[in-house]
Amino acid sequence: MPDILIADDHPLFRDALQRAVLTAVPQAQVHAADSVHALLALIERLPDADLLLLDLHMPGARGYSALAHIRGQYPGLPTIVVSGHEEPQVARRALGHGASAYIPKSSPGEDIVAAIRAVLDGDVWLPPTLVGAAAELPPDEAAVAAQVATLTPQQFRVMTMIAEGLLNKQIAWELGVSEATVKAHMTAIMRKLGVGNRTQVALVASHLAVDQQSPPPLPDGAG
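Note that this is a predicted model, so its numbers are computed, not measured.

### Some points on the overall build of the protein chain
Per the secondary structure count, the protein chain includes ten helices and five strands. By the compact-globule yardstick of 17 Å for 223 residues, the protein chain fits well, its C-alpha radius of gyration being 17 Å. Projecting the C-alpha coordinates of the protein chain onto the three principal axes gives extents of approximately 50 × 35 × 25 Å. When the 223 residues of the protein chain are sorted by exposure, 52% land in the buried category. Long-range contacts, defined here as pairs at least 24 residues apart, represent 68% of the contacts in the protein chain between residues at least 6 apart. Total accessible area on the protein chain is roughly 9800 Å²; 53% of this is exposed by carbon and sulfur atoms. Both charge centroids of the protein chain, one from 15 positive and one from 23 negative side chains, sit 7 Å from each other.

Below is the structure:
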């Protein structure tokens, strides 16, 4: 029986996705998470899952950061992005970050079922309005995604909390670890991202935001 993961923090839409999954694959075992942190724990428990349906806007994520991280750590896990965004550019960036399908949340149930079946068959799926969308990322964004992909799950959790403005003490409390452990993660994160302080960590993460107009230049050494 295939294991299919659903990550969405809206209970009603999570239920709708589960119904679509069971319509597409009646024998599937469905596992749900309502935050990126819960999702990472779920993937660690089910590393051989067959499919992930991932909402772009969830607690613990910044734009495409969760997608970039999961695709880097688990390249064998096909991922369908679901989002309230209908803009072709958002879909193109999702494909550029490794998604196998992009489903606007306004899509009818039969489209969601079709996307699930297509991706499980090894295909890429887009709604008719987005077919033909190119998937090339800007160089800075592609570089940041590659760096975020190298973070361990715990380092990724710390990075997202830094981007949200949390202090080391708050991060330690949230993760149930010591401040010394958080500082050790910080050192590793800054090394992997090629930056020198927490402000620059947040700046690098901003390149993966969905609603970006003109992202600031990357710090020297990053990207």
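### Some details on the sheet that holds strand E1 (residues 3–7)
The strand order across the open sheet formed by five strands is E2-E1-E3-E4-E5, and the pairing between neighbours is parallel. Each end of this open sheet is capped by a strand with a single partner; those strands are strand E2 (29–33) and strand E5 (101–104). Averaged over neighbouring strand pairs, the angle between their axes works out to 20 degrees when direction is ignored.

### Here we look at the side chain of Ser100
Along the chain, Ser100 turns up in the loop between helix H4 (88–96) and E5. Looking at Ser100, the relative accessible area reads 15%, which means it is buried. Dropping the residues within four chain positions of it, Ser100 is found in contact with Pro78, Thr79, Leu95, Val119, Asp123, Val124 and Trp125.

### Examining the UniProt feature "domain: HTH luxR-type" (unreviewed entry) in the protein chain
The UniProt record annotates "domain: HTH luxR-type" (unreviewed entry) at residues 144–209. Between the C-alpha atoms that bound residues 144–209 the distance is 11 Å, and the span itself is 71% helix and 0% strand.

### Some remarks on the UniProt feature "domain: Response regulatory" (unreviewed entry) in the protein chain
Residues given the UniProt feature "domain: Response regulatory" (unreviewed entry) here are residues 3–120. The span residues 3–120 carries 46% helix and 20% strand; its end-to-end C-alpha distance comes to 11 Å.

### Observations regarding the packing of helix H9 (residues 179–193) against helix H10 (residues 198–205)
At their nearest, the axes of H9 and H10 sit 10 Å apart, and the two run at 50 degrees to each other. Taken together, the axis directions place H9 and H10 in an arrangement best described as oblique. The hand of the H9/H10 crossing is left-handed. Facing H9, whose interface residues are Met186, Ile189, Met190 and Leu193, H10 presents Arg198, Val201 and Val204.

### A closer look at the pairing of strand E3 (residues 51–55)
Across the five residues of E3, five count as buried, placing the element largely inside the fold. Alternating residues of E3 divide into Leu51, Leu53 and Asp55 and Leu52 and Leu54, and every residue in both groups is buried. Across four bridges, the pairing between E3 and strand E4 (residues 79–83) is parallel. Across the sheet, the residue bridging to Leu53 is Ile80, located in E4. What joins E3 to E4 is helix H3 (residues 65–73), and the crossover it makes is right-handed.

Criteria and cut-off values
- Sequence order sets the numbering: in each chain, residues are counted from 1 along the sequence as written.
- Reporting of local features is limited, given that this is a predicted model, to residues whose pLDDT is at least 70; pairs of side-chain atoms are given and counted only at 80 or more, and all residues count toward the totals for whole chains, interfaces and linings.
- By convention in this description, side-chain values take in all heavy atoms of the structure and omit both hydrogens and water.
- Helix and strand assignments come from DSSP, with helices taken as H or I runs of at least 4 residues and strands as E runs of at least 2, each series counted from the N terminus.
- Each radius of gyration reported is based on C-alpha atoms, and the globular scaling rule is 2.2 Å times the count of residues to the power 0.38.
- We call a residue buried when its accessible area falls under 20% of the maximum for its residue type, exposed when it is over 50%, and partly exposed in between, using a 1.4 Å probe and counting protein chains only.
- In this description, contact between two residues means that some pair of their heavy atoms is separated by no more than 4.5 Å.
- Only the protein chains shown count as cover for residues, and the accessible areas themselves come from Shrake-Rupley with a 1.4 Å probe.
- Positive residues here are Lys and Arg, negative ones are Asp and Glu, while His and the chain termini are left out of the count.
- Here the site of a charge means atom NZ of a Lys, CZ of an Arg, CG of an Asp or CD of a Glu.
- Here the rule is simple: two strands pair whenever DSSP picks up at least two bridges between them.
- A fitted line through C-alpha atoms represents every axis, and for helices the fit uses only the stretch in contact; the resulting angles, taken between N-to-C directions, go from 0 to 180 degrees.
- UniProt positions are given in the numbering used here, feature names are shortened, and annotations may be inferred rather than shown by experiment.
- Note that the term roughly parallel is reserved for angles under 35 degrees, roughly antiparallel for angles over 145, roughly perpendicular for angles of 65 to 115, and oblique for everything else.
- Crossing handedness is read from the near helix: turned anticlockwise from the far helix by less than a right angle, it gives a left-handed crossing, and turned clockwise, a right-handed one.
- For the handedness criterion, the strands are oriented away from the viewer, and a crossover whose path from the first strand over the helix to the second runs clockwise is classed as right-handed.

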